[in-house]
Amino acid sequence: MTDFTMEKHADGVAIITWDTVGKSMNVMNAQGFLDLEALVDDALADDAVKGIVITSGKEGSFAGGMDLKVIAKMKDDAGDDPARGLFDGVMGMHAILRKIERAGMDPKTNKGGKPIAAALPGTALGIGLEIPLACHRIFAADNPKAKIGLPEIMVGIFPGAGGTTRLVRKLGAIGAAPLLLEGKLNDPKRAKSAGVVDEVVPADELMDAARAWVLSEPTIVKPWDEKGYKMPGGAPYHPAGFMNFVGASAMVNGKTQGAFPAAKALLSAVYEGALVPFDTALKIEARWFTHVLLNPSSSAMIRSLFINKEALEKGANRPDVPDQRVKKVGVMGAGMMGAGIALVSAMAGMEVVLIDQKQEAADKGKSYTADYMDKGIKRGKATAAKKEEALNRITATTDYAALKGCDLIIEAVFEDPAVKAEVTRNVLKVVGDDCIFATNTSTLPITELAKASDKPEQFIGIHFFSPVEKMMLVEIIKGEQTGPRAVAKALDYVRQIRKTPIVVNDARFFYCNRCIIPYINEGIRMVAEGVAPALIDNAARQLGFPVGPLQLVDETSIDLGAKIARATKAAMGDAYPDAAVDEVIFWMEGEGRLGRKSNAGFFDYDEKGKRQGYWEGLVAKYPRAEEQPDLITVQHRLMFAQVLEAVRAFEEGVLEDIREGDVGAILAWGFAPWSGGPFSWLDILGTPYAAERCDALAEAFGPRFATPDLLREMAKKGQSFYGRFADAAAAA
Ligand code: NAD
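Numbering of residues starts from 1 in every chain and runs along the sequence as written. Given that this is a predicted model, residues contribute local features only at a pLDDT of at least 70 and side-chain atom pairs are listed and counted only at 80 or more, while totals for whole chains, interfaces and linings are drawn from all residues. Calculation of side-chain values draws on the structure's entire complement of heavy atoms; hydrogens and water are dropped beforehand.

Participant: Looking at this structure, I do not really get the overall build of the chain. What am I missing?
Facilitator: Each helix and strand counted, the chain has 29 helices and 21 strands in total. Its C-alpha atoms give the chain a radius of gyration of 28 Å, near enough to 27 Å, the size a compact globule of 732 residues would have. Oriented by its inertia axes, the alpha-carbon framework of the chain measures out at about 85 × 65 × 55 Å. When a residue's accessible area, from a 1.4 Å probe over protein chains only, is under 20% of the maximum for its type it is buried; when over 50% it is exposed; and in between it is partly exposed. A total of 732 residues make up the chain; the buried ones form 54% of that total. The secondary structure listing takes helices from DSSP runs of H or I that are at least 4 residues long and strands from runs of E that are at least 2 residues long, numbered from the N terminus. Computation of the radius of gyration draws on C-alpha atoms, with the globule rule given as 2.2 Å multiplied by the number of residues to the power 0.38.

Right, dumping it as C-alpha cells:
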C-alpha cells in the first residue's frame, strides 16, 4: 500500500490521489515524496496524459502537513554531518516540487509541459499547501470549516519546502507576511481573497472544475519563470519594496524581541531570496531552513508544541477507564471564571447549569456568552443561530435542583474554604452518586477541600487560567484520594472543550502558579535591590515572555499578590523565604497602587487606562543602584527562579511527566516558547552548565537558587532530562 495512487482517465486527465494509510488526515513522510515523484514522472512521460489533478482521498481535507518526525530522522540519519543531511534532504523536496511546477516545459522557451491542478477538498496545511503552491492552479472546495495556511512558525520552524519563496513571489512580501510570520490560517473564501488559492467551488464540483481547467489548454508558466518578472510590491531595492522590508524587519524584531530564531531566519530567507532568481532563492530558503532545524530551539519547540502537546491532548496520561465524556455540567459561581467555564462548555455542546447566589449574578454570567458570541458574529466567526444554540444550552439559576442529572460539577465560587465546603455539601445532596465534583481553586489544597465530600475519590481540581476562553491550558490536580475515574472525567471534559490538559499532584500552588510566583517575586526582589524596572521587564521580553514580571503583577493585581503572600506566610511560618518581596508589595498596596485595576501600579496609566511609563515613586523609594547587573544575569535569575521550581516539583512528584511540565509552562504563562519549556531549556544549556550556573547564582543571590539534588546528580552523569525521562513518560 502506498500513500499516493494514480488513475489515468480516458479524457487524458491523470488523477493522483493522496491517502495516507492508517491516518484520518494526510501527512507527508519521506516515502510519500518519492511515491508522488514516481507518479508525476509517469504521467509526464505518458503521451496519453494531457494533464494532472492532485487531490486527496480523505473527506474534507487535503493534508495536515509534514510528519515532523521525518525532519528529526533526517537529522539523525545524517550522522556526523547533520547540516549536509538536512540540506540535501530539503533540496530533494525542492527538486520534486520544482518538477511539478515545470511539468516538462522546455527550460529555455517555456514551451510544452502539462497543466497540473491541485484540488483541495478542505484543510491544507504546511506541506499540504506547499505542494499546491507548486501546482499551476489551486482549486478549493467551499468548505467553511477548512483551514488553509502555513502554520510552521508556530512550532519554531518556517515553511521550508518552497512555501516561503513561492508565497512571497505570488503575493509580495506584505501580502505573504501574516501568512508566513504569524502562521495565519484562512477558510477557503478568505484564502482566495488573500490570493493563496485561485478558485473556490462547491464541494461536489471540485474535481470537475479542476479537470475542466486542466483540459482547457491553460497557460502554465509561473510568473517568476517568465522574463521580466517583478515581485508584487517591489523587491528590496525597489523604493516601495525597500520600505516594506525595513518595516517588516522592525515589526518582526519588535514582536519577537529577537528571541525566536525561526522568525529571523524566515525574514532573511525572504529578503535574500528576493534578490536572486527563483532557483537560487530556493537554495537560500533551504540554507536558512537547515540553519533553523539545527538550532536546538526548533527541535525543542516541535517536541513540546507539536508532538507532546498532541500526545497530552489525546490522553497520554489518561487512566484506563471507559469513556467519561460530559453531557451535563453544573458550574457553581457565575463570576469571572464561572462565566468563562459556562461559555466554553456550552460551545462544546454540553448542557450547562450556571448557578450563583442571586439570579442577577447568574444572568450576568450567562450574558458573558451572549457578548462573546456577538463579538464573533461581528467578526464573521459566528452566526446568530450558533449564538442561540449556545445560549439555549445554558440555564442560569439560583436553584440547586436544576443540577439534577449533572455528571460533572465545576465549582468557581469565592476562594474561601468555608464557602466552598458549604457549596460542595449542598451540591452533593442534589446530584447523583456518579457525579464528579471539581474545584477551580487556584490556591487551596484539593485534599483539604475534598473533606467536604463523602466521596473524595470523586473529587478533583480542574484549574483554568483567565480568560478561560483564550487560555489553552487546563491543570488537573489529583487530591490524595482522587480516583482514576475522576481523572478520566476531567481529561475527557478538557478534550471536549479542546484545550490541553496536564495532570499534577496536590501541593501548594500545584504546578503552574508554583513556578509563576517565583518569576514575579524575582522581578520584585530586583526592584528592591535598585535594578532598573525597564531592565527587568525587557530582559524577560527578550527571553520571549509575553510580559515582564512587573507588568504581569500590574495585570493580575498587587492586592492579589499581597493576599497570596499573607496566606503563604501564615502557612509556612519561619520557613517563609520572601520577606524582601513582601516589603515592596505591601508598601505598594498601602500606597493604593494595586495595578491596572486601580490605574496605578508599577506603571502609571492615563485616564483611559492606557499604560504609560514606570511610576517614578518606585525609583524614589528604591533608588537605582549605581552599578546595574548585565542582561544575562537578570535573565538567568528570572529563568532559574521558575525552572528550579519546575525541577523541584518533578523531584517531589507533583509533576509526574516532564512533557507536562514543558507544555504546561508554555501554554499557561508563556514560558520562553523558543526553549520548549523549563526542562527543554535545561537540556539546551546542558545539565552540567545549568548546575554550575545555579551554584554561582546561589552564592550571589541566596539559597533559592541552590542546585536541586536531581539536577546535581544528572549534571555529574552528564544526563539530559529528555534522555533520562522521556521514554518512561512516553510509555506511561
Ligand atoms: P469572582 O469573585 O469573579 O466570582 C465568584 C462568584 O461566585 C461570584 O459571582 C459569587 O457571587 C459566586 N458565589 C459566591 N458564593 C457562592 C455560593 N455560595 N453559591 C453560588 N455562587 C457563589 O471570582 P473568580 O475570579 O471567578 O474566581 C472563582 C474561583 O476561581 C476562585 O476559587 C479562584 O481562586 C479561582 N480562579 C480564579 C482565577 C482568576 O484569574 N480569577 C484563575 C483560576 C482560578
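Participant: Sorry, what's going on with the site of the ligand here?
Facilitator: Proximity is defined per residue: if any heavy atom of the residue lies within 4 Å of a molecule or strand, that residue is considered near it. Neighbouring the ligand are 21 residues, the closest being Met337, Asp356, Glu415, Lys420 and Ser442. Nitrogen and oxygen atoms within 3.5 Å of one another constitute a polar contact, given that in protein one can donate a hydrogen and the other can accept it, and given that sequence-neighbouring residues count only through two side-chain atoms. Asp356 has a polar side-chain atom sitting 2.6 Å from an oxygen atom of the ligand. In this structure, Ser442 approaches the ligand through a side-chain N or O atom, which is 2.8 Å from an oxygen atom. Here the ligand, which alone exposes 830 Å², has 77% of that area covered by the protein. Broken down by secondary-structure element, the contributors of at least two residues to the shell around the ligand are α12 (336-347) and α15 (417-430). Note on areas: Shrake-Rupley with a 1.4 Å probe; residue coverage comes only from the protein chains shown.

Participant: Sorry if this is basic, but what is going on with the side chain of Arg693 here?
Facilitator: Note on placement: Arg693 falls in helix α27 (residues 687-701). Charged residues are defined narrowly, with Lys and Arg counted positive, Asp and Glu counted negative, and His plus the chain ends left uncounted. Salt bridges are defined by distance alone: a side-chain nitrogen of Lys or Arg within 4 Å of a carboxyl oxygen of Asp or Glu. Comment: no salt bridge for buried Arg693; closest opposite-charge side chain is Asp630, at 6.7 Å. At a separation of 2.9 Å, a polar atom in the side chain of Arg693 contacts the side chain of His636. By definition, residues are in contact when any of their heavy atoms lie within 4.5 Å. If we ignore the near neighbours within four places in the chain, the residues touching Arg693 are His636 and Phe640.

Participant: Mind showing me how you'd approach the sheet that holds strand β5 (residues 61-63) here?
Facilitator: Each strand in a sheet pairs with its neighbour through backbone hydrogen bonds, running either in the same direction (parallel) or in the opposite one (antiparallel). What the 3 strands build is an open sheet, ordered β5-β8-β10; its pairing is parallel. Strand pairing shows two members of the sheet lacking a second neighbour, β5 and β10 (148-149), which therefore form its edges. Bridging between β5 and strand β8 (residues 123-125) involves 2 bridges; their strand directions are parallel. Paired with Ser61 across the strands is Thr123, a residue of β8. In the packing of helix α4 (residues 127-134) onto the sheet, the strands contacted are β5, β8 and β10, and the crossing angle to β8 comes to about 90°. Note: two strands are recorded as paired if DSSP finds a minimum of 2 bridges between them. Under this scheme, a helix contributes an axis fitted over its contacting stretch, all axes are lines through C-alpha atoms, and angles between N-to-C directions fall in the 0 to 180 degree range.

Participant: I tried to follow the nonpolar core on my own but got confused; where do I start?
Facilitator: As a rule of thumb, nonpolar side chains are buried together in soluble globular proteins. Core analysis: the biggest nonpolar cluster contains 174 residues, and Tyr511, Phe602, Trp669, Phe679 and Phe721 have the highest contact counts within it. Among the elements that take part in this core, helix α24 (residues 631-651) stands out by supplying 11 residues, more than any other. Once you skip the residues sitting within four places of it in the chain, Phe602 turns out to touch Ile524, Val527, Leu550, Val553, Asp554, Ile558, Val584, Met588, Tyr614, Trp615 and Leu618. Working definition of a nonpolar core: buried Ala, Val, Leu, Ile, Met, Phe, Trp, Tyr and Cys residues. They are joined through side-chain atoms within 4.5 Å. Counting 32 residues, the second-largest nonpolar core is a separate cluster that includes Ala342, Ile476, Ala486 and Leu491.

Participant: Could you clarify how one ought to interpret the packing of helix α1 (residues 30-45) against helix α3 (residues 82-102) in this entry?
Facilitator: Two packed helices can be described by the angle between their axes and the distance between those axes. It is the contact of α1 with α3, at a shortest axis distance of 10 Å, that shows an interaxial angle of 30°. Classified by the angle between their axes, α1 and α3 sit roughly parallel to one another. Crossing angle aside, the handedness with which α1 passes α3 is left-handed. Here Phe33, Leu36, Glu37, Val40, Asp41 and Leu44 of α1 come into contact with α3, specifically with Met93, Ile96, Leu97, Lys99 and Ile100. Here roughly perpendicular refers to angles of 65 to 115 degrees, roughly parallel to angles under 35, roughly antiparallel to angles over 145, and oblique to all remaining angles. Rotating anticlockwise by less than a right angle from the far helix to the near helix defines a left-handed crossing, while the corresponding clockwise rotation defines a right-handed one.

Participant: Can you walk me through the side chain of Glu285 in this structure?
Facilitator: Among the structural elements, Glu285 can be located in helix α10 (residues 278-294). Salt bridges are absent for the buried Glu285, whose nearest opposite-charge side chain, Arg166, sits at 6.7 Å. If near-sequence neighbours (up to four positions away) are discounted, Glu285 is found in contact with His94, Phe158, Pro159, Gly160, Ala161, Gly162, Gly163, Thr164, Thr165 and Ala269.

Participant: Got a minute to help me understand the pattern of salt bridges in this structure?
Facilitator: Oppositely charged side chains may form a pair once their charged atoms are brought near each other. Enumeration over the complete set of coordinates arrives at 47 salt bridges. Here Lys420 makes a salt bridge to Glu411, at a shortest N to O gap of 2.6 Å. Glu411 gets classed as buried once you look at its relative accessible area, which sits at 1%. Note that Arg637 and Glu529 form a salt bridge whose closest N and O atoms lie 2.9 Å from each other. Here Arg637, found in helix α24, pairs with Glu529, found in helix α18 (residues 512-529); they are 108 residues apart in sequence, far enough to count as distant. When its relative accessible area of 39% is taken as the criterion, Glu529 is described as partly exposed. Shared partners join several salt bridges into a network, and the residues in it are Arg98, Glu101, Arg102, Arg166, Lys222, Asp225 and Asp279.

Participant: Before we go on, may I ask you to explain the environment of Thr397 in this structure?
Facilitator: Mapped onto the elements, Thr397 comes out in strand β14 (residues 394-397). Between the C-alpha atoms of Thr397 and Asp80, which are 317 residues apart in sequence, the distance is 67 Å. Residues in contact with Thr397, not counting those within four places in the same chain, are Val353, Leu354, Ile355, Asp356, Gln359, Ala362 and Ala402. Of note is the side chain of Thr397, whose polar atom sits 2.9 Å from the backbone nitrogen of Asp399.

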